[in-house]
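Here is what each chain is made of, one letter per residue.
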Protein chains: 2
Amino acid sequence: MNAAILIIGDEILSGNTLDTNSNFIATELRNIGISVSRIFTVPDEIDAIKNGLKAATEIAKIVIATGGIGPTKDDKTRTAFAEFFNDQLVLDDETFEHLKQLFIKRKREHLLEINRNQAVVLSKSRIFQNENGTAPCQMIEENGKLVFSLPGVPFEVKPFIRNQIIPFLRERFSLKHILTQIISVVDFPESLLSQTIEDWELALPENISLSYLPVGNRIKLRLTAVGNDLDQLKNQLSAEVEKLKPYISENVISWNGNEIQEILKEILIEKKLTLATAESCTGGELARLITSVSGSSKYFLGGVIPYDYHKKMEILGVSEKTILEKTVVSEEVAQEMSQGCQKLFKTDISISTTGVSGPNSDEFNSEIGTVFYSIRINDFEKTNRLFLPHLDRNDFAHFVSQRVLQDLVSYLVKD
Amino acid sequence: MNAAILIIGDEILSGNTLDTNSNFIATELRNIGISVSRIFTVPDEIDAIKNGLKAATEIAKIVIATGGIGPTKDDKTRTAFAEFFNDQLVLDDETFEHLKQLFIKRKREHLLEINRNQAVVLSKSRIFQNENGTAPCQMIEENGKLVFSLPGVPFEVKPFIRNQIIPFLRERFSLKHILTQIISVVDFPESLLSQTIEDWELALPENISLSYLPVGNRIKLRLTAVGNDLDQLKNQLSAEVEKLKPYISENVISWNGNEIQEILKEILIEKKLTLATAESCTGGELARLITSVSGSSKYFLGGVIPYDYHKKMEILGVSEKTILEKTVVSEEVAQEMSQGCQKLFKTDISISTTGVSGPNSDEFNSEIGTVFYSIRINDFEKTNRLFLPHLDRNDFAHFVSQRVLQDLVSYLVKD
């Protein structure tokens, strides 16, 4: 079973808004065994939307469209759908009632009239009510295809997909099982890895596929197995992983984890270790990454972002002498930061970053793109340096944070 | 002049990787007056890539394709391009030499042979060398269309686009000027706003277009003006903005800023104010957002993330009594956090967040989705509460951080 996603919105094509809907929808569909074979992004124009619908319905059984159903003039999805499906737009009483209740609840009854259009739907559509906004989701079934039209706001898309559309699709089709296992490999260049496991890869059964996903210095090998019998699939997948082990075991940091912060969680909870962060150039990204995992409060006690260098002295006890002699972007400052952090938060582990991501340098004229990070695990300490002048500010913070956690994980695993 | 983007990669369609390339490329193209009219995302399959090329070249003069040119077996872009353009793949000496130098520089000469394929290009392509990776960018010109093939890794895509492709396109075509102005409006529901400015919108000249971009509780009105004479465009645009002012002035927090953190920067630098953060439930996102702006070190002195509640007491001086009586997710704790933060960092402004984003509650059984945030500007203090049970962890942190900065900006503007 396959699907296509149709993203409707000038704001995506202009680059003003990053499309996160298609990533979310693709992930949720994959988890129930529906693979997305295309994503089409089209502007808020009737013909473009109709062309997108044509291409999407030609290639996929299920089409999920988002966007273009707000109350403003630049939203054209409803009209395009009516023309494409040769249908009438009608006011749906149940949806209008739902809308009324929403406005009463939000004490905005004066806005009802202009939002009346949000209750106008295709006459032959099935409606899913919106619990988080004004526009409902419509589903049209025609020629064996299911086409959904959703709002574009991610806050509304997510609950629609998770709570209504996925359960609907599950019930509607008897879907094959799908199993995924992600193996994280470090210190192994992609090309060499590919060469090393070539024989194993070529001998994989037809229902198991392999992808390489490089993330920072880590490569995620994703094995995807599809079949009717779940137990058989599990056995088959673990048998293939067993065969792979001799080739790569020494470089594997996780046999079944996706994000580095999730891998870290497993290890810290298992080893009963606590963690704190002291960030300068990553500006909060490291803590954000760690706390993006549910349950992180079990091991993450907190962090400090002493952005101004005086705060490194005041809060973390970095010595002024070190800063003046070695500059703020130095191995020594990174070390004193992680030391101060471990002391402040009383944790087993502390990590620190100090660097300069540009476009402008700091008051010490540090070389742009330089970062030192220090990792402390009880008495163990290691400082590393990275030089990333080609990365912009946000990529820099993201890359460094990924790398710090990856190193921490590999020290913890080797430990 | 228009363009289409072709994203090639199973990892995007599976939801495993969020596509950020198309957003970056679209933004850079828009800045030189090239609008993206479609984005096609296709799997690593020869036929799918060829179909994507067909659709993209039919609709646009410029096609920018990314992905599928690594050294591994699952990368098929080169072959698909050769078939589509009916061309031969040949080893390019200059590219191979470039590759050799890269491997010598990285001390990985043993890897050269397996990466040799990276120097194999279409015989009729123009090559742009890759300064940050192994695969070059190829450009094919056929039937008046320009088709670029780039690697998929964002770290490589960005410098290719910014340093090579944009300058090439600028030189190649004499492009119209494009001017954008973003006006940020708060406390104005989209539907009411649309009604209020309808007459003005309908009277806009043909070369100026308007979009609504809702972000959190803020609406960005984006005006885009296209024309041949830059000075004339500037005058025209500012005349239209003048006409708009009477309708919305009271609700505008910025007349020409894009992201809230950039708007904040302008205000803080102008007013010479410093800022610090104390985050619990946002876990670093607030600081990350603030420090994502270049030059933020001028006003952002630092932040603390006292994730564990004992750290709120130890580092920020929140009283145990308040926590035990009011629980950790309370107005009073938010207030004491911002107070402690202002003291710790000695800043004019401090902001704090305390809440619980789920999926699990905290040790005080706080209601999932609740957050209190406190904003202090010198002696002024205001605490607000949000209830966002429908948001997942990351959206929660993101929404709250946006909202806190938005409120801070509106207090500073009204001040």
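Residues numbered from 1 in each chain as written. Chains lettered and ligands numbered in written order. Predicted model: local features only at pLDDT ≥ 70, side-chain atom pairs only at ≥ 80, totals over all residues. Heavy atoms only, no water.

This part covers the relation of the copies chain B and chain A. Placing chain B over chain A gives an RMSD of 0.1 Å and needs a rotation angle of 180°, together with 0.0 Å of translation along the axis. Accordingly, the operation relating the two chain copies is best matched by a two-fold axis. Both copies share a contact surface, since 99% of the interface residues of chain B are interface residues in chain A too. (Least-squares fit on C-alpha atoms with pLDDT ≥ 70 in both. Contact = heavy atoms within 4.5 Å.)

Below, the discussion takes up helix α5 (residues 93-105) of chain B. Residue and element names in this part refer to chain B. The end-to-end C-alpha separation of α5 is 18 Å, in line with the 18 Å expected for 13 residues at 1.5 Å each. Those residues of α5 that fall on the buried side of the exposure criterion are Thr95, Phe96, Leu99, Leu102 and Phe103. Projected down its long axis, α5 carries its buried residues within an arc of 120°, all on one side. Turned more than 90 degrees from where α5 packs its buried face, Asp93, Glu94 and Lys105 sit exposed. Where α5 is buried, its residues contact β4 (89-91), α6 (112-115) and β6 (126-128). Where α5 terminates, the next one or two residues include Lys107, which has phi positive at roughly 55°. (Helix = DSSP H or I, 4+ residues; strand = E, 2+ residues; numbered from the N terminus. Expected span 1.5 Å × (residues − 1). Buried < 20%, exposed > 50% of the residue type's maximum accessible area, 1.4 Å probe, protein only. Arc of directions from axis to C-beta.)

This paragraph deals with the side chain of Glu156 of chain A. Along the chain, Glu156 of chain A falls in helix α7 (residues 154-172). Among all residues touching Glu156 of chain A, those that are not within four sequence positions of it are Asn130, Asn132, Gly133, Thr134 and Pro151 of chain A.

Residues and elements named next belong to chain B. Contact geometry for helix α11 (residues 260-271) and helix α16 (residues 393-414): axes closest at 10 Å, N-to-C directions at 35°. Our pair here, α11 against α16, has a crossing hand that is left-handed. Between α11 and α16, the contacting residues are Ile260, Gln261, Ile263, Leu264, Ile267, Leu268 and Lys271 on the first element and Gln402, Leu405, Gln406, Leu408, Val409, Leu412 and Val413 on the second. Residue classes in the contact of α11 with α16 are distributed as ten nonpolar, three polar and one charged. (Axes fitted to C-alpha atoms, helices over the stretch in contact; angles between N-to-C directions. Left-handed = near helix turned anticlockwise from the far one by under 90°. Nonpolar A, V, L, I, M, F, W, Y, C, P; charged D, E, K, R; others polar.)

Before going further, it helps to examine the pattern of salt bridges. Side chains that differ in charge, positive against negative, can pair when their charged atoms come close. Residues and elements named next belong to chain A. Across all of its chains, the model carries 32 salt bridges over all chains by this definition. Put simply, Lys100 and Glu97 hold a salt bridge, and the shortest N to O gap is 3.8 Å. Here the residue Lys100 and the residue Glu97 both occupy positions in helix α5 (residues 93-105), the gap between them amounting to three residues, near one helical turn. What makes Lys100 partly exposed here is its relative accessible area of 31%. Lys321 is the salt-bridge partner of Glu325, the closest N and O atoms lying 3.7 Å from each other. (Salt bridge = Lys/Arg side-chain N within 4 Å of Asp/Glu carboxyl O.)

Here we come to the environment of Ile64 of chain B. All names here are of chain B. Turning to its location among the elements, Ile64 is positioned in strand β3 (residues 62-66). The spatial distance from the C-alpha of Ile64 to the C-alpha of Phe148 is 4.8 Å, given a sequence separation of 84 residues. Not counting chain neighbours up to four residues away, the residues in contact with Ile64 comprise Ala4, Ile5, Leu6, Ile25, Leu29, Phe148, Leu150, Ile161 and Ile165.

Residue and element names in this part refer to chain A. When the domains of chain A are assigned, the result is domain 1 (2-172), domain 2 (177-254) and domain 3 (260-414). Each of domain 2 and domain 3 was reduced to a C-alpha centroid, and the two centroids are 31 Å apart. With nine residues of domain 2 at the contact, the number on the domain 3 side is ten residues. Buried area between domain 2 and domain 3, summed over both chains or domains, comes out near 750 Å², and the portion from carbon and sulfur atoms is 58%. If you sort the residues of domain 2 by the area they bury against domain 3, Asn217, Arg218 and Ile253 come out on top, with a joint share of 61%. The tally of links between domain 2 and domain 3 comes to zero salt bridges. Between domain 2 and domain 3 we count one residue pair in polar contact (both at pLDDT 80 or more) in total. Of all the elements in the fold, those that place two or more residues in the side of domain 2 that touches domain 3 are β9 (177-186) and β12 (252-254). Looking at the side of domain 2 that touches domain 3 residue by residue, the class counts come to three nonpolar, four polar and two charged. (Domains from an automatic or database assignment. Buried area = accessible area lost by both parts, 1.4 Å probe. Polar contact = N/O pair within 3.5 Å; in protein donor to acceptor, adjacent residues only side chain to side chain.)

Moving on, we get to the layout of surface pockets. For the second largest pocket, the calculated volume is near 980 Å³. Surrounding the second largest pocket, 35 residues form its lining, Ser35, Ser209 and Thr224 of chain A together with Asp10 and Glu45 of chain B being those nearest its centre. Of all the secondary structure elements, the ones that give two or more residues to the lining of the second largest pocket are β2 (35-42), β9, α9 (198-202), β10 (208-215) and β11 (218-227) of chain A together with α1 (10-13) of chain B. In terms of residue class, the lining of the second largest pocket is made up of 14 nonpolar, ten polar and eleven charged. (1 Å grid on protein atoms, 1.4 Å probe; cavity = no way out; pocket = protein on both sides within 12 Å on 5 of 7 lines; lining within 4 Å. Points joined across faces, edges and corners; volume = space filled by probe spheres on them.)

Let us look at the interface of chain B and chain A. Contact residues are listed per partner, giving 87 residues for chain B and 87 residues for chain A. The contact between chain B and chain A buries some 7,200 Å² in all, and 55% of this surface belongs to carbon and sulfur atoms. Here chain B is connected to chain A by 36 residue pairs in polar contact (both at pLDDT 80 or more). Counted by class, the side of chain B that touches chain A contains 35 nonpolar, 30 polar and 22 charged residues.

Our focus in this paragraph is the sheet that holds β10 of chain A. Residues and elements named next belong to chain A. The strand order across the open sheet formed by four strands is β10-β11-β9-β12, and the pairing between neighbours is antiparallel. Either end of the sheet is taken by a strand with one partner, and the two such strands are β10 and β12. Sheet twist, expressed as the average angle between the axes of neighbouring strands with direction ignored, equals 30°. As paired strands, β9 and β12 are joined by two bridges and run antiparallel to one another. (Pairing = 2+ DSSP bridges.)

All names here are of chain B. Strand order in the open sheet formed by four strands is β10-β11-β9-β12, and the pairing between neighbours is antiparallel. The open sheet has two edge strands with one neighbour each: β10 (208-215) and β12 (252-254). Strand after strand, the sheet turns through a mean of 30° between neighbouring axes, direction not considered. Note that strand β9 (residues 177-186) and strand β11 (residues 218-227) share ten bridges and pair antiparallel. Across the sheet, Ile183 pairs through a bridge with Leu221, a residue of β11. Contacts from helix α10 (residues 230-248) reach β9, β10, β11 and β12, with the element oriented near 15° to β9. Across the face of the sheet, α11 comes into contact with β9, β11 and β12 while running at roughly 80° to β12.

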